[in-house]
Amino acid sequence: MRLIVHAGFHKTGTSSVQKMLRHNNARLADEFRVFTHRDIRGPCGAARGLSVSRDPLDEALFTLELAEFLTALDADDPRPVVISSENLAGHIPGRYGLLRYSATPAIMARFAEVAADCLDAPRITFYFSTRAREPWLRSCHWQHLRATRLADDFATYRAAHLPHADLAGDVAAIARAVPAPHDVVSAALDQVANGPLGPLDPLLDVMRPSAPLRAALTPLGPANRGQSAHVADELLRLNRSDMDEDAVRAAKSALLQRGQSG
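The rules behind the values
Residues numbered from 1 in each chain as written. Predicted model: local features only at pLDDT ≥ 70, side-chain atom pairs only at ≥ 80, totals over all residues. Heavy atoms only, no water. Buried < 20%, exposed > 50% of the residue type's maximum accessible area, 1.4 Å probe, protein only. Helix = DSSP H or I, 4+ residues; strand = E, 2+ residues; numbered from the N terminus. Contact = heavy atoms within 4.5 Å. 1 Å grid on protein atoms, 1.4 Å probe; cavity = no way out; pocket = protein on both sides within 12 Å on 5 of 7 lines; lining within 4 Å. Points joined across faces, edges and corners; volume = space filled by probe spheres on them. Nonpolar A, V, L, I, M, F, W, Y, C, P; charged D, E, K, R; others polar. Pairing = 2+ DSSP bridges. Axes fitted to C-alpha atoms, helices over the stretch in contact; angles between N-to-C directions. Phe/Tyr/Trp six-rings, centres within 6.5 Å; stacked < 30°, edge-to-face > 60°. Lys NZ or Arg CZ within 6 Å of the ring centre and 35° of its normal. Left-handed = near helix turned anticlockwise from the far one by under 90°. Expected span 1.5 Å × (residues − 1).

> Help me get a handle on helix 1 (residues 14-23), residues and values and all.
The α-helix winds at 3.6 residues per turn, so residues separated by three or four positions along the chain end up facing the same way. Restricting attention to buried positions, one finds in helix 1 the residues Thr-14, Ser-16, Val-17, Gln-18, Met-20 and Leu-21. In this structure, the buried side of helix 1 is in contact with strand 1 (2-6), helix 2 (25-28), strand 2 (33-36), strand 3 (81-84), strand 4 (123-130) and helix 10 (200-207).

Right, dumping it as structure tokens:
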């Protein structure tokens, strides 16, 4: 069975890829079986937990969740399986003390091992979208401001995380960890974003759909657009405030809705 696993990285166009996969799923279903985060919540949640704990119990949970998903696949269906979720790489750096994707090589190696146990002669291509350091760090900082109580401005955040921001190095480490005959490939968002289907194009290169199918796919705009500096400053102010979590969450939601509508 052929599998294409788009397992990261966060803030590299992955949400846009998944949005287009879901939007075009009826067409893609002629040639592929497509799964995004909402279809594999168990393995994704377990991978995130494992990325923080590195605990054998969490590894066992990841194994169990992934095996349950893989064994449910129809072995008689000849269509390749496409899986896209950045959460398979673990938590985004900056959460829970993580500085980089240091657990991802072991998670992907375990993925390959579980697939070998559950499927008949699986052949996996692990695909990772990457991004230049500066825009990636700024996008990660924005994500943390929005989703957590991060109290660092961008300069402080950048100083702490720039020495560890090396997505190409993370891909190389994953390639060393994943056993043969599986492959690890990558593409930089900065070099593909302006293509006909934006960040979906390099994943399609790996999938290898028929020419008519590829031509029939519909592009969509970016799923997560950055907000203005004013909105980022206001999120930072809220994070630094003494407001309780519920109040901060409500204020952020209202702020982001105003930003989207404006």
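> Go over the layout of surface pockets, please, and point to the residues and values.
Estimates place the volume of the second largest pocket at around 160 Å³. The element that contributes the greatest number of residues to the lining of the second largest pocket is helix 13 (residues 245-261), accounting for six residues. Broken down by class, the residue content of the lining of the second largest pocket amounts to three nonpolar, two polar and five charged.

> Please provide a residue-by-residue account of the sheet that holds strand 4, values included.
With parallel pairing, five strands are arranged side by side in an open sheet as 2-3-1-4-5. What marks the edges here is a single partner per strand, and that holds for strand 2 and strand 5 (183-188). If you compare each strand with its neighbour and ignore which way they point, the axes differ by 15 degrees on average. Where strand 1 lies against strand 4, five bridges are found, and the strand directions are parallel. Following the sheet pairing, Leu-3 is matched in strand 4 by Ile-124. Packed on one face of the sheet, helix 5 (residues 104-118) meets strand 1, strand 3 and strand 4 and runs near 155 degrees to strand 4. Across the sheet, helix 10 touches strand 1, strand 3, strand 4 and strand 5, and the angle it forms with strand 1 is around 160 degrees.

> If you had to explain the packing of aromatic side chains to someone new, which residues and values would you point to?
The final tally for this structure, using the stated rule, is four aromatic pairs. Every member of this aromatic cluster is reached through a ring pair, and the members are Phe-9, Tyr-101 and Phe-128. Above the ring of Phe-154, the side-chain terminus of Arg-138 is found at 3.9 Å from the ring centroid.

> Lay out empty space enclosed by the protein in plain terms, naming residues and giving numbers.
For the coordinates displayed, the defined rule picks out one cavity of 30 Å³ or more. Considered as a void within the structure, the largest cavity measures approximately 40 Å³ in volume. Around the largest cavity, the lining residues are Ser-51, Ala-89, His-91, Leu-98, Arg-100, Tyr-101, Ser-102, Ala-103 and Thr-104. Of the residues in the lining of the largest cavity, the class split is four nonpolar, four polar and one charged.

> Before we move on, could you go through the packing of helix 5 against helix 8 (residues 167-177) and cite the residues and values that matter?
Interaxial distance between helix 5 and helix 8 falls to 8 Å at its minimum, and their mutual angle equals 35 degrees. In the crossing of helix 5 with helix 8, the sense of the turn from one axis to the other is right-handed. Contacts from Thr-104, Pro-105, Met-108 and Ala-109 of helix 5 reach helix 8 at Ala-173, Ile-174 and Ala-177. For the contact of helix 5 with helix 8, a count of residues per class yields six nonpolar, one polar and no charged.

> For helix 5, give the residues involved together with the corresponding values.
Between its first and last C-alpha atoms helix 5 spans 21 Å; for 15 residues at 1.5 Å apiece the expected length is 21 Å, and the two agree. Considered for burial, the residues of helix 5 that qualify are Thr-104, Pro-105, Ile-107, Met-108, Ala-109, Arg-110, Phe-111, Ala-112, Val-114 and Ala-115. For helix 5, the secondary structure elements touched by its buried residues are strand 1, helix 3 (41-53), helix 4 (56-71), strand 3, strand 4 and helix 8.

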